[in-house]
Amino acid sequence: MTIVFRCIWAFALTAIAIGFGAMYGWEKHGLVAAIALGFVGLVVSWPFAYSPAAFFELSCQLLCELLMSLI
């Protein structure tokens, strides 16, 4: 069960990162930027796809810092 969850997690996170990078690149700069930022999304998502705990830890830290700055 853990292997299935990790495979789904890795695929979903990588697909979201590539899609977001490509969408942002396409909207701002065109085809070449879409390809380049899609690749950047792939590279950046790799460590977080390997370890869901690292993703959630970083997300919680960033959220806490954001909330503390608003106070």
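What you see is a predicted model, and the numbers here were worked out from it, not measured in a lab. (Residues numbered from 1 in each chain as written. Predicted model: local features only at pLDDT ≥ 70, side-chain atom pairs only at ≥ 80, totals over all residues. Heavy atoms only, no water.)

A. Spatial organisation of the side chain of Thr14. By the element assignment, Thr14 lies in helix H1 (residues 2-28). By relative accessible area, Thr14 is classed as buried at 19%. Each residue touching Thr14, except ones within four places of it in the same chain, is listed here: Leu42, Ser45 and Ala49. (Helix = DSSP H or I, 4+ residues; strand = E, 2+ residues; numbered from the N terminus. Buried < 20%, exposed > 50% of the residue type's maximum accessible area, 1.4 Å probe, protein only. Contact = heavy atoms within 4.5 Å.)

B. Local environment of the layout of surface pockets. Here the largest pocket defines a volume of roughly 280 Å³. Each residue belonging to the lining of the largest pocket can be placed in one class, and the counts come to 12 nonpolar, 4 polar and no charged. (1 Å grid on protein atoms, 1.4 Å probe; cavity = no way out; pocket = protein on both sides within 12 Å on 5 of 7 lines; lining within 4 Å. Points joined across faces, edges and corners; volume = space filled by probe spheres on them. Nonpolar A, V, L, I, M, F, W, Y, C, P; charged D, E, K, R; others polar.)

C. Spatial organisation of the packing of aromatic side chains. Here the structure, examined in full by the defined rule, presents 4 aromatic pairs. Ring geometry for Phe55 versus Phe56: centroids 5.3 Å apart, planes at 70°, classification edge-to-face. Among the aromatic residues, ring-to-ring pairing joins Trp9, Phe48, Phe55 and Phe56 into one connected group. (Phe/Tyr/Trp six-rings, centres within 6.5 Å; stacked < 30°, edge-to-face > 60°.)

D. Here's a closer look at H1. Helix length check: H1, at 27 residues, gives a terminal C-alpha distance of 39 Å against a target of 39 Å (1.5 Å per residue), a fit within 8%. Along H1, the positions that sit buried rather than exposed are Trp9, Leu13, Thr14, Gly21 and Gly25. (Expected span 1.5 Å × (residues − 1).)

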